[in-house]
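Each chain, letter by letter, is given below.
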Amino acid sequence: AQSVTQLDSHVSVSEGTPVLLRCNYSSSYSPSLFWYVQHPNKGLQLLLKYTSAATLVKGINGFEAEFKKSETSFHLTKPSAHMSDAAEYFCVVSDRWGGSGNTGKLIFGQGTTLQVKP
Amino acid sequence: NAGVTQTPKFQVLKTGQSMTLQCAQDMNHNSMYWYRQDPGMGLRLIYYSASEGTTDKGEVPNGYNVSRLNKREFSLRLESAAPSQTSVYFCASSEALLGAFNEQFFGPGTRLTVL
């Protein structure tokens, strides 16, 4: 069975400092992994995705994530936080090719709220 | 392209009332989904439609029904609303359920309050 754990429910950083949002996953098959961002009272926007090509994935707005199979992690990073990065971030896993009992549906983590202080 | 659109944006119902949430996408996607979002619980899948003409239950289907009207439209119906259905509802679509193009695109959401 698939699952995803976001290790921090809340992260606070100062503007201009690095961002690290941690995510561990569990998947029996070849996973697709995603990071989505949700700004207050908005829908979800795809930041980046991993689908078995390069393990370092670059996304929008300067974010990137590294797929580490040995650690079953997919942490999201950004070198320098901006005030506009304040939002909720969701790590998501999907069984890309299906398998016994799996249908490729997305499994969401519980979210990490990123606060950026001036 | 408008992407994924949802109507209404906000709705207040009384317990026992019914309503339908509408969703449409203009990306020619095959798969569509309905989620609910509750504080501290991420998004939970209510129903999905892998392709036109098919629908399947997700994680939390009780109290809901869906209709895949055509390739573009996927509606969610609450037959007899309950306070436990107070939530934010998101519709999403993807090119396919499986494979390398299964990233989902989300609508802006419907905020539903059941009194």
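Residues numbered from 1 in each chain as written. Chains lettered and ligands numbered in written order. Predicted model: local features only at pLDDT ≥ 70, side-chain atom pairs only at ≥ 80, totals over all residues. Heavy atoms only, no water.

Draft legend 1. Representation of the environment of A:L46. Positionally, A:L46 belongs in strand β6 (residues 44-50). The residues touching A:L46, leaving out its near neighbours within four places in the chain, are A:F34, A:W35, A:Y36, A:I60 and B:E103. (Helix = DSSP H or I, 4+ residues; strand = E, 2+ residues; numbered from the N terminus. Contact = heavy atoms within 4.5 Å.)

Draft legend 2. Molecular detail of the packing of aromatic side chains. Per the stated rule, a full pass over the model turns up 13 aromatic pairs over all chains. Judged by centre distance (5.4 Å) and plane angle (85°), the rings of A:Y36 and B:F106 are edge-to-face. Note that A:Y36 is positioned in strand β5 (residues 31-38) and B:F106 in strand β10 (residues 105-106), a pairing that runs across two chains. The same class applies to A:Y36 as to B:F106, namely buried. Each member of the aromatic cluster is reached from another via a ring pair, and the members are A:F34, A:Y36, A:F90, A:F108, B:Y33, B:Y35 and B:F106. (Phe/Tyr/Trp six-rings, centres within 6.5 Å; stacked < 30°, edge-to-face > 60°. Buried < 20%, exposed > 50% of the residue type's maximum accessible area, 1.4 Å probe, protein only.)

Draft legend 3. Just unusual backbone geometry, in detail. Cis rather than trans, the peptide bond between B:T7 and B:P8 has omega equal to -5°. Relative to the elements of secondary structure, B:P8 occurs in the loop between β1 (4-7) and β2 (10-13).

Draft legend 4. Structural context of the pattern of salt bridges. Going through the model one piece at a time under the given rule, you end up with seven salt bridges over all chains. A:D8 is the partner of A:R22 in a salt bridge, and the nearest nitrogen-oxygen pair spans 3.0 Å. You can see A:R22 sitting in the loop between β3 (19-21) and β4 (23-26) and its partner A:D8 sitting in the loop between β1 (3-6) and β2 (10-14), a full 14 residues away along the chain. B:E79 is paired through a salt bridge with B:R77; the nearest N and O atoms lie 3.1 Å apart. Residue class for B:E79 comes out partly exposed when judged on its relative accessible area of 43%. The structure contains a network of salt bridges with shared partners spanning B:R36, B:D38 and B:R44. (Salt bridge = Lys/Arg side-chain N within 4 Å of Asp/Glu carboxyl O.)

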